[in-house]
Amino acid sequence: MWIVAEQIAAYAQLKRLSPQTVARWQAWAEPDRAALWELVQALQLGENHLRDFLDWCEEIALRDGSTVAAFLARPELRRPLTAQLGRNDKLKAVKDALRKLRYPRLSQLEEELRLAVKALDLGGRVQVSFPPSLEGEDVTVTITARNTKELDEHVTRVRQRLEDGAIQRLFALLDQV
Amino acid sequence: MKRYQPEEILIERGEENTPVVRRTLDHLPDTPVRIVEPGWEREAPPRDGTDSFAAGKRRLLFTRQRSTFLEHCPAGTSGLVCCNYLVVSLISNCPMDCSYCFLQEYLANNPLLKVFTNVEDLMSEVAKAVDRQPWRQFRIGTGELSDSLALDPLLGFSGDLVPFFAARKNVLLEFKTKSDRIEELLKHDPKDRVVVSWSLTPPAIADTEEHGTASFAERLHAAQRVQAAGYKVGFHFDPLIEYPHWEEGYRDTITQVFSAVDPRRVAWVSLGSLRMTPALRAIARRRFPQTRLLSGEQILCDDGKWRTFQALRVKMYRTITAWLKEAAPQAPQYMCMETTPVWEKVFGHAPSCDKDVARMLTQPNLVAS
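This structure is a prediction, so every number in the text was calculated from the model and none was measured. (Residues numbered from 1 in each chain as written. Chains lettered and ligands numbered in written order. Predicted model: local features only at pLDDT ≥ 70, side-chain atom pairs only at ≥ 80, totals over all residues. Heavy atoms only, no water.)

This part takes up the interface of chain B and chain A. Taken together, the contact between chain B and chain A spans 25 residues of the former and 20 residues of the latter. Both sides of the chain B and chain A interface together cover about 2,000 Å² of buried area, and 45% of this is carbon and sulfur. When residues of chain B are sorted by the area they lose upon contact with chain A, B:Arg285, B:Ser295 and B:Glu297 head the list and together hold 29% of the total. Where chain B meets chain A, there are 9 salt bridges. The shortest N-O distance in the salt bridge between B:Arg285 and A:Glu59 comes to 3.1 Å. Between the two partners, chain B and chain A, sit 18 residue pairs in polar contact (both at pLDDT 80 or more). Put simply, the parts of the chain that give the side of chain B that touches chain A at least two residues each are helix H11 (278–287), strand S15 (298–300), strand S16 (306–308), helix H12 (310–327) and helix H13 (340–347) of chain B. For the side of chain B that touches chain A, the leading source of residues is H12(B), giving 6 residues. (Contact = heavy atoms within 4.5 Å. Buried area = accessible area lost by both parts, 1.4 Å probe. Salt bridge = Lys/Arg side-chain N within 4 Å of Asp/Glu carboxyl O. Polar contact = N/O pair within 3.5 Å; in protein donor to acceptor, adjacent residues only side chain to side chain. Helix = DSSP H or I, 4+ residues; strand = E, 2+ residues; numbered from the N terminus.)

The following block contains the structure:
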């Protein structure tokens with residue numbers, strides 16, 4: 001039992017973690033503490049990422065009446081750890097998976113929008129993007145072109161999607177949960 | 001609702017014989033009293049213990065307001081639709097302890113329960129302001145830095161304020177409360193110039209997150225009684241909280257409210273999403289580790305506050321405003337601290353300026369459609 005606590009303390013010193021963050025983590029039940037320790041070690045989390053993990057883990061556990069250890073064992077969170085990926089890609093994959101658990105409806109809406117943009121089939125040089133966390137109305141369409149002919153093609157394709165209602169549906173989707 | 005009992009009463013020298021102090025001491029004859037010098041609280045050592053904010057609520061300090069009383073409501077943040085509301089604070093801090101309360105952050109460094117003794121200065125300030133613009137309709141509330149009525153049985157401020165506001169034609173006074181402390185109000189005639197409004201959440205939330213408040217049933221009973229006594233009533237579904245089965249919770253709450261009160265004599269109903277700064281979230285997490293409020297799908301918005309993400313928030317607003325419209329078609333509805341696009345999505349239009357919202361709320365015939 002003390003091994004994890006000591007390992008966390010040593011890691012905190014190495015990464016210069018704040019005493020508040022460490023105290024919060026150390027206050028968890030032993031299995032929860034150990035489950036997060038495994039992730040922290042594998043992903044070499046620093047202060048900011050660790051605080052996000054602590055927030056999300058506590059919030060998910062409270063919401064679902066579950067334990068941190070139970071949901072951190074889920075395959076979508078474990079898989080990236082053993083994948084042939086660099087540390088940053090692993091971190092991104094684990095964090096994305098944890099965010100989906102923490103924000104299920106927001107993540108689902110983001111995924112639906114991603115698929116809807118893909119279905120517009122506007123080509124690689126027309127980008128459609130949404131405000132961060134979908135807070136706001138502005139949908140940004142970026143067209144990149146090397147010449148007027150290319151620009152005309154891209155604009156024509158966007159116009160077609162406007163006329164057939166696909167872009168209208170995309171805007172409507174922003175409000176649907 | 002539990003009676004407020006301070007551990008200690010502190011009276012600034014020179015304020016011992018003010019009416020509010022005398023009234024309070026009559027009601028609390030056994031509470032230790034200490035006379036302190038003006039400005040004492042600035043030098044007072046911080047209280048020991050892990051929750052100085054909670055401890056501060058049990059120390060009642062009587063002092064003078066040396067600054068102005070009348071202020072613009074701080075919710076009028078740039079980029080958000082404002083309702084042109086004014087606030088006056090005779091009390092700073094609250095005997096209740098809601099897990100989402102902004103006072104936990106706002107008063108973190110000075111967590112006493114302060115009562116200002118110079119109510120006559122407040123009234124003269126208000127009189128000057130509203131008499132200067134007799135054509136304008138003002139709305140002034142006392143519930144910004146404290147519950148408006150929770151301490152009324154001790155302090156009796158409503159006995160000063162109701163007759164003063166009842167005598168003026170161009171101002172509405174709003175008492176905003178989560179209490180059922182209305183006895184003093186019932187002794188006065190509001191002459192249609194006083195609105196008593198209740199902040200409401202479904203009982204499942206009120207019971208777990210609004211510590212030390214009156215229960216939902218108690219609030220409703222109090223609303224019935226003040227309405228019968230001639231007061232207009234209002235309701236604030238603020239903070240609006242997204243939790244599992246929120247639809248049933250809010251539907252049921254609205255049904256019960258408008259079966260209990262006459263919907264035709266409801267001055268206004270407001271809605272406002274739960275919003276918390278990052279610092280407030282950290283405080284709430286520390287003080288109320290079991291709170292479920294932080295587990296909703298909230299994200300950080302442009303004004304630096306966490307809210308339920310927009311699509312879900314708009315869904316909640318649309319659902320609840322439709323139920324309210326059905327239950328109380330004449331009651332004006334508005335939202336607090338929301339953007340113009342969200343107003344457009346919810347009400348189909350946004351006010352062209354903040355005066356529009358104020359006009360709608362002071363001329364009840366102009367009901368939001």
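Picking up after the structure, the text goes on.
So, on to the environment of A:Glu153. Residues and elements named next belong to chain A. The residue Glu-153 is located in helix H9 (residues 148–163) in this model. Judged by its relative accessible area of 41%, Glu-153 is partly exposed. Along the chain, Glu-153 and Leu-122 lie 31 residues apart, while their C-alpha atoms are 9.9 Å from each other. (Buried < 20%, exposed > 50% of the residue type's maximum accessible area, 1.4 Å probe, protein only.)

So, on to helix H4 (residues 47–64) of chain A. Compared with the 26 Å implied by 1.5 Å per residue over 18 residues, the 26 Å span of H4(A) between its first and last C-alpha is a close match. The set of residues buried in H4(A) consists of A:Glu47, A:Leu50, A:Phe53, A:Leu54, A:Asp55, A:Trp56, A:Cys57, A:Glu58, A:Glu59, A:Ile60, A:Ala61 and A:Leu62. Those residues of H4(A) hidden inside the fold are in contact with helix H2 (19–26), helix H3 (30–43), helix H5 (68–72) and helix H7 (87–102) of chain A together with H11 of chain B. Remark: A:Gly65 follows H4(A) within two positions and exhibits a positive phi of approximately 60 degrees. (Expected span 1.5 Å × (residues − 1).)

Taken as a whole, this structure holds 47 salt bridges over all chains when the rule is applied. Its salt-bridge partner being B:Lys345, residue A:Glu137 comes within 3.1 Å of it at the nearest N-O pair. Highlighted residues: A:Glu137 in the loop between strand S1 (126–129) and strand S2 (140–143) and B:Lys345 in helix H13, drawn from two different chains. In this structure A:Glu137 comes out as partly exposed when scored by relative accessible area, which is 23%. Judged by its relative accessible area of 21%, B:Lys345 is partly exposed. Counted as one network, the salt bridges with shared partners bring together A:Arg24, A:Asp55, A:Glu58, A:Glu59, A:Arg102, B:Arg281 and B:Arg285.

The next thing to look at is the sheet that holds strand S11 (residues 194–199) of chain B. All names here are of chain B. Here we have 8 strands laid out as an open sheet, ordered S4-S5-S9-S10-S11-S13-S14-S17, and mixed in their pairing. Each of the sheet's edge strands pairs with one partner strand only, and the pair in question is strand S4 (71–72) and strand S17 (333–335). Taken together, the 6 bridges between strand S13 (residues 232–240) and strand S14 (residues 266–273) define a ladder with parallel strand orientation. Bridge pairing in S14 places Phe-237 opposite Leu-271. Contacting S13 and S14, helix H10 (residues 246–260) runs over the sheet at an angle of about 170 degrees to S13. (Pairing = 2+ DSSP bridges. Axes fitted to C-alpha atoms, helices over the stretch in contact; angles between N-to-C directions.)

A packed helix pair is summarised by two numbers, namely the angle formed by the two axes and the spacing between the axes. Residues and elements named next belong to chain A. The interhelical angle for the contact between helix H6 (residues 75–82) and H7, taken along N-to-C directions, is 180 degrees, at an axis separation of 9 Å. Relative to H7, H6 is oriented roughly antiparallel. The segment H6 lies against H7, with Glu-76, Leu-77, Pro-80 and Leu-81 engaging Lys-90, Ala-93, Val-94, Ala-97, Leu-98 and Leu-101. The class makeup of the residues in the contact of H6 with H7 is 8 nonpolar, no polar and 2 charged. (Parallel < 35°, antiparallel > 145°, perpendicular 65-115°, else oblique. Nonpolar A, V, L, I, M, F, W, Y, C, P; charged D, E, K, R; others polar.)

Turning our eyes to something else, we now look at the nonpolar core. B:Ile140, B:Trp198, B:Phe235, B:Phe237 and B:Phe258 are the most contacted members of the largest nonpolar core, which totals 112 residues. The element best represented in this core is helix H5 (residues 119–132) of chain B, accounting for 7 residues. Ignoring any residue separated from it by four or fewer positions in sequence, one finds B:Phe235 in contact with B:Ser197, B:Trp198, B:Leu200, B:Ala223, B:Val257, B:Phe258, B:Val261, B:Val266, B:Trp268, B:Val269 and B:Ser270. Among the nonpolar cores identified, the runner-up in size contains 53 residues, and A:Ile8, A:Leu39, A:Phe53 and A:Trp56 belong to it. (Core = buried A, V, L, I, M, F, W, Y, C linked by side-chain atoms within 4.5 Å.)

Next up on the list: the sheet that holds strand S3 (residues 59–63) of chain B. All names here are of chain B. With mixed pairing, 5 strands are arranged side by side in an open sheet as S2-S1-S3-S8-S6. Two strands lie at the open edges of the sheet, namely strand S2 (33–36) and strand S6 (91–92), each paired on one side alone. As judged from the 4 bridges shared by S3 and strand S8 (residues 113–116), these two strands associate in the parallel manner. Bridging from a neighbouring strand, Leu-61 pairs with Lys-114 of S8. Its contacts with the sheet place helix H1 (residues 19–27) against strand S1 (8–12), S2, S3 and S8, and it is angled at close to 150 degrees to S3.

Another point: the side chain of B:Glu8. Residues and elements named next belong to chain B. The residue Glu-8 is located in strand S1 in this model. Within the structure, the side chain of Glu-8 is placed 2.8 Å from the side chain of Arg-34, a separation counted as a polar contact. Each residue touching Glu-8, except ones within four places of it in the same chain, is listed here: Thr-31, Pro-32, Arg-34, Arg-58, Arg-59 and Leu-60.

Our focus in this paragraph is H10(B). All names here are of chain B. Here H10 contains 15 residues, and its C-alpha end-to-end distance of 21 Å stays within 8% of the 21 Å for a straight helix at 1.5 Å per residue. For H10, every residue scored as buried is listed here: Trp-246, Gly-249, Tyr-250, Thr-253, Ile-254, Val-257 and Phe-258. The arc that holds every buried residue of H10, seen down its axis, measures 140 degrees, which confines them to one face. (Arc of directions from axis to C-beta.)

All right, on to the layout of surface pockets then. By volume, the second largest pocket amounts to about 1,000 Å³. Together, 39 residues line the second largest pocket, and A:Arg24, A:Asp55, A:Glu58, A:Glu59 and B:Arg285 are the ones closest to its centre. Secondary-structure elements contributing two or more residues to the lining of the second largest pocket are H2 and H4 of chain A together with H11 and S15 of chain B. Examining the composition of the lining of the second largest pocket, we find that 11 residues originate from one element, H4(A), more than from any other. A breakdown of the residues in the lining of the second largest pocket according to their chemical character gives 16 nonpolar, 11 polar and 12 charged. (1 Å grid on protein atoms, 1.4 Å probe; cavity = no way out; pocket = protein on both sides within 12 Å on 5 of 7 lines; lining within 4 Å. Points joined across faces, edges and corners; volume = space filled by probe spheres on them.)

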